[in-house]
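Topology and contacts: notes
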Amino acid sequence: MAAYVLPAFYALFLWWFSTGAILYLDGLPRRTFKWSMIGAAAVTAGAFYGLDQSSDDSSIGGTYAAFTCGLLIWAWQQISFYTGYLTGPRKVMCREGCSGWPHFGHALQANLYHETSIALSLGLCLVLTWGAPNQIGLWTFLILWWMHESARLNVFLGVRNVTEEFLPEHMAFLKSFLNKKPMNLLFPFSVTVSTLATMWVAQLAWAAPTQAEAAGFSFLTALMALAVLEHWFLVLPLPAERLWDWGLSSRQPAPDSDAPPPGDGHHRRSDTASAPNLQTIKHKNGQRTAAANARREASMDYNRIFDDRLGQIHAEGRYRVFADLKRRCGAYPQADQFADGQARPVTVWCSNDYLGMSQHPLVRAAMHEAIDEVGAGSGGTRNISGTTHYHVELEAELADLHDKEAALLFTSAYVANDATLSTLVKLIPGTVIFSDEKNHASMIAGIRHGGGEKRIWRHNDVSHLEELLASYPASTPKLIVFESVYSMDGHIAPMAAICDLAEKYGALTYLDEVHAVGMYGPRGGGIAERDGVMHRIDIINGTLAKGFGVMGGYIAASRACCDAIRSYAPGFIFTTSLAPTLAAGALASIRHLKVSQIERARHQERARTLKAKLKGRDLPVMDNPSHIVPVLVGDPVHCKLVTDMLMAHYGIYVQPINYPTVAKGTERIRLTPTPLHTDEH
């Protein structure tokens, strides 16, 4: 029996370990890929040599060697693909709505070099083993090729589990070729053929006249059984990724440290400290000079490290260059761009001042009045003289806007997300956060800083969300975190369905309405107000910028929740409050948009018109139901080139959107028409 079991276990282990090793290497920083490929190339060269030598060896040792060499040759195909060295001429996502043969053609272009490499390697294996008695290495490669092609076709045609979690970030463009559905017509055929082949090879192993042949056919039987299992993983709710947690660990960021500083968070100094005298100043200057000299003499060149890191993003074509602009009050979206000491007129097409409220006469008048009445700054934190009457009025207005008991102001919506989410986990120990995979960086930061358990659910996939929620006991505190409008794709969350799940599984809901407040709903309360589910959302995050045209962020929730965040969140406690003039401007903007429908109606019409005009020119507009107008480019260098040409030749200012704002391979320009954009613009 050992003649069958030991080879089978060896095949299973080698397949499992090599797959995990590839996942681990492909998840490392991209600067390591060339070393991974050099090492893999050396191993592969040795494997081809070993395949040649073992093909004439019919002993058990020769059989083990041939199988190992065949698997290592295949491993090189996989690592070269997932590092991005051998993919295909197409490295961009397929346009939304593309289907049928054009979609298949794009998929083929994305994999062409890889498939060609497999064919060439197969040809070399055939040459090396032609007419030799030991064909196990060749058949190992053939079975792995069958597993690969069958699984790839099935995920293209549609299965329940498309295993996109195995794709490294730099290969995200391949996600557009993965389709989710319960099953496709090819799947039963694939499983049936694989199962029959497994049974046939198993019979050959059982009837083998020698131990070497029994071992060889046992290797192949194990691989075919894995092919069957791999296919069932595609349609059954089984956590295949758990098999390689260790391999996927290289893709997980290091945990953030949330240990508080010593003391109560303040840096104290003596109130009785006297002014420094000249000797003290000279002594301190001498210390600084000595420290600077010591740093220069040290072996660690910190500036070189900074330059190297900047060089990486320059090489990838995603170095960010800020446009030096001066907007024209009353003439928006017109602005002046300053470059090389000169100013030239441009039209802004990428501002998040969605409704142009920063230009509104009521908003500007309120800000002028506030600065004339109370001055420029707030004077301190909210606890130390920084709570002005403007802040109190604004929080009451925001609570009313979202039909909540209270609201709490922050210096930005990023800070509001970070401070609130990190504090909630500490206030409710054991809380598990369920986060949409496309949530904003501020939400991700807050979740990480909280240090609690998190589960990532596939974007807008309520079935996957329910699957994750159902895996925890009813007694576990749960928090569902999502956005209403996803700013880079323009998708809108299935809010009612998410609220249904929250009620079913006893979870709190946390909604980011940053790209919706002011622009949706009868009073500008966002998508939740528009869809009639605002009363079902526990905590709403919003911004005073974007739709309201000023600056700042907030949360709206129950009085107890806001008071707890106010009392425990360091991001609220230890920072200077919003300037009164900002609070006054935001207050005027919110009050106006609560009663005016003109801006919202014009905004939606402008977005629809722009999308129609772009599609009429056959441009790759990414379809969505919101006001966001993303146009897919798919390459950082090309994206920057497009925006530079628009600015240089047409005076149109659009900023390229690259990684890390969007996944690599999905680079785009993002157009944001406002009510003030005309057809002439």
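Quick summary incoming for the structure in this document. (Residues numbered from 1 in each chain as written. Predicted model: local features only at pLDDT ≥ 70, side-chain atom pairs only at ≥ 80, totals over all residues. Heavy atoms only, no water.)

Now for the pairing of strand S8 (residues 507-512). With five of six residues buried, S8 lies mostly within the body of the structure. In this structure, S8 lies alongside strand S9 (residues 539-543), joined through three bridges in parallel fashion. Directly across from Tyr510, in S9, lies its bridge partner Ile539. (Buried < 20%, exposed > 50% of the residue type's maximum accessible area, 1.4 Å probe, protein only. Helix = DSSP H or I, 4+ residues; strand = E, 2+ residues; numbered from the N terminus. Pairing = 2+ DSSP bridges.)

A few words on helix H2 (residues 33-54). Helical geometry note: an α-helix holds 3.6 residues per turn, so side chains three or four residues apart project in the same direction. Counted at 1.5 Å a residue, the expected span for H2 with its 22 residues is 32 Å, and the 30 Å between its end C-alpha atoms agrees. If you check which residues of H2 are buried, you get Phe33, Ser36, Met37, Ala40, Thr44, Ala47, Phe48, Gly50, Leu51 and Ser54. Axial view of H2: buried residues confined to an arc of 160°, hence all on one face. Residues of H2 that are exposed and point more than 90 degrees away from the buried face comprise Trp35, Ala42 and Tyr49. Tucked inside the fold, the buried residues of H2 contact helix H1 (2-26), helix H3 (60-82), helix H4 (100-129) and helix H5 (136-157). (Expected span 1.5 Å × (residues − 1). Arc of directions from axis to C-beta. Contact = heavy atoms within 4.5 Å.)

The tally for this structure, following the rule as stated, stands at 15 aromatic pairs. Ring centres 5.9 Å apart and planes at 15° place the aromatic pair Phe13 and Phe17 in the stacked group. A residue pair is termed a helical-turn pair when its members lie 3 or 4 positions apart in one helix, as Phe13 and Phe17 do in helix H1 at four residues. For the pair Trp101 and Phe104, a centre-to-centre distance of 5.7 Å together with 85° between the ring planes defines the contact as edge-to-face. Of this pair, Trp101 and Phe104 both sit in helix H4, separated by three residues, roughly a single helical turn. We classify Trp101 as exposed; its relative accessible area is 70%. Phe104 gets classed as partly exposed once you look at its relative accessible area, which sits at 32%. Put simply, the rings of Tyr10, Tyr64, Phe67 and Phe219 pair up and form one aromatic cluster. The ring centre of Phe81 lies 4.9 Å from the NZ or CZ of Arg152, which sits over that ring. The ring of Tyr659 is capped by Lys664, whose NZ or CZ atom sits 4.5 Å from the centre of that ring. (Phe/Tyr/Trp six-rings, centres within 6.5 Å; stacked < 30°, edge-to-face > 60°. Lys NZ or Arg CZ within 6 Å of the ring centre and 35° of its normal.)

Right, let's get into the sheet that holds strand S1 (residues 325-327). Taken in spatial order, the four strands of this open sheet run S1-S2-S3-S12, and their pairing is mixed. Pairing within the sheet leaves two strands with one partner each, and these edge strands are S1 and strand S12 (652-653). In this sheet, strand S2 (residues 334-339) lies alongside S1 in antiparallel orientation, the contact comprising three bridges. Residue pairing across strands places Leu325 opposite Gln337, the latter belonging to S2.

What follows concerns the nonpolar core. Counting residues in each nonpolar core, the largest one holds 58 residues, and the members touching the most others are Leu394, Leu398, Ile480, Phe482 and Leu544. By residue number, the principal contributor to this core is helix H20 (residues 580-595), which donates seven residues. The residues contacting Leu394, other than those within four sequence positions of it, are Leu409, Leu544, Ala583, Ala586, Leu587 and Ile590. In terms of nonpolar packing, the next biggest core, distinct from the first, is built from 33 residues, Ala11, Phe48, Trp74 and Leu138 among them. (Core = buried A, V, L, I, M, F, W, Y, C linked by side-chain atoms within 4.5 Å.)

Contact geometry of H3 with helix H7 (residues 211-235) gives a least axis separation of 8 Å together with a crossing angle of 25°. Comparing their axes, H7 and H3 come out roughly parallel. Where H3 crosses over H7, the handedness of that crossing is right-handed. When H3 is examined against H7, the residues Ile60, Thr63, Tyr64 and Phe67 are found in contact with a partner set consisting of Gln211, Ala212, Ala215, Gly216, Phe219 and Leu223. (Axes fitted to C-alpha atoms, helices over the stretch in contact; angles between N-to-C directions. Parallel < 35°, antiparallel > 145°, perpendicular 65-115°, else oblique. Left-handed = near helix turned anticlockwise from the far one by under 90°.)

For the rest of this paragraph, the subject is the packing of H5 against helix H6 (residues 186-206). Two numbers describe how H5 lies on H6: the axes approach to 10 Å, and their chain directions differ by 160°. Of the possible angle classes, the one that applies to H5 and H6 is roughly antiparallel. In the packing of H5 onto H6, the handedness of the crossing is left-handed. Contacts between H5 and H6 involve Trp146, Ser150, Leu153, Asn154 and Leu157 from the first element and Leu186, Phe187, Ser190, Val193 and Ser194 from the second. Classifying every residue of the contact of H5 with H6 gives six nonpolar, four polar and no charged. (Nonpolar A, V, L, I, M, F, W, Y, C, P; charged D, E, K, R; others polar.)

Relative to the helices and strands, Gly39 resides in helix H2. Remark: the alpha-carbon pair of Gly39 and Leu120, spanning 81 residues in sequence, is separated by 20 Å.

Glancing now at the environment of Ala557. Here Ala557 lies in strand S10 (residues 553-557). Exposure remark for Ala557: the relative accessible area of 1% places this residue in the buried category. Taking the C-alpha atoms as reference points, Ala557 and Ser18, separated by 539 residues in sequence, lie 50 Å from one another. Those residues in contact with Ala557, other than ones at most four positions away along the chain, are Lys404, Glu405, Ala406, Asp538, Ile539 and Cys562.

Below, the discussion takes up a nonpolar patch on the surface. On the surface, Trp101, Phe104, Leu108, Leu112, Tyr113 and Leu153 cluster together into a nonpolar patch covering about 620 Å² of accessible area. With five residues, the single largest contributor to the nonpolar patch is H4. (Patch = residues over 30% accessible without salt bridge, like charges linked within 9 Å, V, L, I, M, F, W, Y side chains within 5 Å. Areas by Shrake-Rupley, 256 points an atom, 1.4 Å probe, with all protein chains shown as cover. Salt bridge = Lys/Arg side-chain N within 4 Å of Asp/Glu carboxyl O.)

Moving on to the side chain of Lys664. Structurally, the position occupied by Lys664 is in the loop between strand S13 (656-657) and strand S14 (668-671). Assessed through its relative accessible area of 12%, Lys664 is described here as buried.

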